[in-house]
Amino acid sequence: MPITSRRQCLITAGTVGALGVAGCTGGDGDGSLRVGVSQHLVGGDWVTAFYEAGKLYAQEEGIEYDVVSHDQDSAQQVTDIRQFVAEGYDAIIAAPFDEAVDDAIDEAAAEDIPVFTVNDPGTTDSIKTFTAFGNAEAGETCAELMVDALEEQYPDREEYSVLHVRGAFNQQSNARTDGFDEYIGEQDHVEVVDTIQTDWSIDDSQSTTTDYLSANDPPDGIYATNMTCGIGVQNALEQLDLAAPAGDDDHIVHTQPDAGPDVNPLIEDGYIDATVDQPVHFYIPLAIKQLLDYLEDGDEALPQPGETVTEDDYSFDPVEHNGAELWSDPIWAPAEVTEQDGHTHVLTAGVVVTAENVDNPGLWGNIWG
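Residues numbered from 1 in each chain as written. Predicted model: local features only at pLDDT ≥ 70, side-chain atom pairs only at ≥ 80, totals over all residues. Heavy atoms only, no water.

Bringing the overall build of the chain into the picture now. Each helix and strand in the chain was counted, giving 10 helices and 16 strands. The C-alpha radius of gyration computed for the chain amounts to 22 Å, which stays within 12% of the reference 21 Å derived for 369 residues, consistent with globular compactness. Dimensions of the chain, computed from the C-alpha atoms along their principal axes, are close to 75 × 40 × 35 Å. Across the 369 residues in the chain, those meeting the buried criterion constitute 54%. Counting only contacts in the chain whose residues sit at least 6 apart along the sequence, the fraction spanning at least 24 positions is 70%. (Helix = DSSP H or I, 4+ residues; strand = E, 2+ residues; numbered from the N terminus. Rg over C-alpha atoms; globule rule 2.2 N^0.38 Å. Buried < 20%, exposed > 50% of the residue type's maximum accessible area, 1.4 Å probe, protein only. Contact = heavy atoms within 4.5 Å.)

In structure tokens, the structure reads:
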């Protein structure tokens, strides 16, 4: 896809966002690169880390970074993306809520406005790249961690039962569910005895898990499919007097994707055995790096399926934030590059968090929250 003259001017000027360059004017008239960001929620530590880290990196690069939230409403997200197009933004970074957003992404691409997705991949080939850890891969790793923890906790048992507490049916939840179930399905000595659905909120996960455990024998392990769901599970165990740390005879093994400021203490104290955490504070910065490469050299500058992206390909200068050296530890690397739904997926590493490394200052939950 050809680069428009304005974007080419922004790059050849030497510094994105340089002021006073003849012929280089942004929507605000100062020549800055304008990136519209479509987020899914407002509030919460994870969301704050996700978008605040992006804003900080955009500031480092002199980019105008405008964020709107659709609050998990695909119709609103379509409207927001179309508004970015109407206002002539140079690029869009989005977390597509579902397939209904594809048409708006296609419309942006038709106007030569590149769209990069983060956290949620989207399902149209108009997307330049998607950046996040692999949700299916995280589910599979959680299954491996579950089996290891069950065998360590109960070495004399021949069979193990696991309760699967999943979220609603969306791209992310489905992938995490499928990755876990496929691995456990290959284990002759581990059985998922039931799967219960929640809306991923703490309250609903707690009440749903409480209802199930009140009517059934406690399982040997529980897999929760996200951070808030896992907190709800632990609240339910506490409510029913079933909470016990690893090593205790009554411990129920617990693994999940996502650590965080409210999960990390539960890991440290042994109630959650292991998580696969996201390097969420790198997602948008990595997308911005890819965007800048694209504007300079086109599609060939983007990661290609089959490649492995390392910290040597995308390096970050640390900045001080919340008393931490943000981006000093490249826990996102390496990232395997694949292809799905016609566009490139840059699958960052997932970080296995246990009691041994939960105090790592590079984890997002130890920076925000």
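Now that the structure is up, let's keep going.
This next bit is on the packing of helix α7 (residues 202–215) against helix α8 (residues 227–239). At a minimum axis distance of 7 Å, the contact between α7 and α8 shows a crossing angle of 45°. The angle between the axes of α7 and α8 places the two elements in the oblique class. The two elements α7 and α8 cross, and the hand of that crossing is right-handed. Of α8, the residues touching α7 (which contributes Ile202, Ser205, Gln206, Thr209, Thr210 and Leu213) are Thr228, Cys229, Ile231, Gly232, Val233, Asn235, Ala236, Leu237 and Gln239. Class assignment of the residues belonging to the contact of α7 with α8 gives a composition of seven nonpolar, eight polar and no charged. (Axes fitted to C-alpha atoms, helices over the stretch in contact; angles between N-to-C directions. Parallel < 35°, antiparallel > 145°, perpendicular 65-115°, else oblique. Left-handed = near helix turned anticlockwise from the far one by under 90°. Nonpolar A, V, L, I, M, F, W, Y, C, P; charged D, E, K, R; others polar.)

Looking now at the packing of helix α5 (residues 135–153) against helix α6 (residues 171–185). Interhelical geometry of α5 versus α6 gives an angle of 40° and a closest axis separation of 7 Å. Between α5 and α6, the angle falls in the class oblique. In this structure, the crossing between α5 and α6 has a hand that is right-handed. Residues Asn135, Ala136, Gly139, Glu140, Cys142, Ala143, Glu144, Met146 and Val147 of α5 lie in contact with α6, whose contacting residues are Gln172, Ala175, Arg176, Gly179, Phe180, Tyr183 and Ile184. For the contact of α5 with α6, the class distribution of residues is nine nonpolar, four polar and three charged.

This part takes up the confidence of the model for the chain. Across the chain, the average pLDDT comes to 90, with 91% of residues at 70 or higher. The low-confidence segment residues 1–29 (pLDDT under 50) makes 63 contacts with residues lying over four places distant or belonging to another chain. (pLDDT = per-residue confidence, 0-100.)

Before going further, it helps to spend a moment on the pairing of strand β1 (residues 34–39). Within β1, six of the six residues are buried, leaving the element largely enclosed by the surrounding structure. Residues of β1 alternate between two faces, with Arg34, Gly36 and Ser38 on one and Val35, Val37 and Gln39 on the opposite face, all of them buried. As paired strands, β1 and strand β2 (residues 64–69) are joined by six bridges and run parallel to one another. Residue pairing across strands places Val35 opposite Tyr65, the latter belonging to β2. Direction of pairing for β1 relative to strand β3 (residues 91–94): parallel, over a ladder of four bridges. Looking at β3, one finds that Val37 is bridged to Ile93. (Pairing = 2+ DSSP bridges.)

Now for the pattern of salt bridges. Under the definition given, this model contains six salt bridges. One salt bridge in this structure joins Glu87 and Arg34, with 3.8 Å as the shortest N-O distance. Placement of the pair is Glu87 in the loop between α3 (74–86) and β3 and Arg34 in strand β1, with a sequence separation of 53 residues. Note on Arg34: relative accessible area 8%, which makes it buried. Its salt-bridge partner being Arg82, residue Glu107 comes within 2.8 Å of it at the nearest N-O pair. You can see Glu107 sitting in helix α4 (residues 102–110) and its partner Arg82 sitting in helix α3, a full 25 residues away along the chain. The exposure class assigned to Glu107 is partly exposed, which follows from its relative accessible area of 33%. Since its relative accessible area comes to 39%, Arg82 is described here as partly exposed. Each member of the salt-bridge network shares a partner with another, and the members are Arg34, Glu64 and Glu87. (Salt bridge = Lys/Arg side-chain N within 4 Å of Asp/Glu carboxyl O.)

Enumeration according to the criterion identifies 11 aromatic pairs in this entry. Site record: aromatic cluster; members linked through ring pairs are Trp46, Phe50, Tyr51 and Tyr283. Directly above the aromatic system of Phe316 lies the positively charged group of Lys289, at a separation of 4.7 Å from the ring centroid. (Phe/Tyr/Trp six-rings, centres within 6.5 Å; stacked < 30°, edge-to-face > 60°. Lys NZ or Arg CZ within 6 Å of the ring centre and 35° of its normal.)

Our next topic: the environment of Pro121. Turning to its location among the elements, Pro121 is positioned in the loop between β4 (115–118) and β5 (127–133). Each C-alpha atom, one on Pro121 and one on Pro96, is 6.7 Å from the other, the two residues being 25 residues apart in sequence. Apart from residues no more than four positions distant in its own chain, Pro121 is found in contact with Pro96, Ile127, Phe130, Gln171, His343 and His345.

The next thing to look at is the sheet that holds β2. Strands pair in a sheet through their backbones, by hydrogen bonds, and they do so in one of two ways: parallel or antiparallel. Strand order in the open sheet made by the eight strands is β2-β1-β3-β4-β5-β15-β14-β11, with mixed pairing throughout. The strands lining the two open edges of the sheet, one partner per strand, are β2 and β11 (308–309).

Right, let's talk about helix α10 (residues 283–297) for a bit. At 3.6 residues per turn, the α-helix brings residues three or four places apart onto the same side. Taking 1.5 Å of rise per residue, the 15 residues of α10 would be expected to cover 21 Å, and the 21 Å separating its terminal C-alpha atoms lies within 8% of that figure. Where burial is concerned, most of α10 is hidden: 12 out of the 15 residues are buried. Where α10 is concerned, the buried positions are Tyr283, Ile284, Pro285, Leu286, Ala287, Ile288, Lys289, Gln290, Leu291, Leu292, Tyr294 and Leu295. Once α10 finishes, Gly298 follows within two positions and takes phi at roughly 80°, a positive value. (Expected span 1.5 Å × (residues − 1).)

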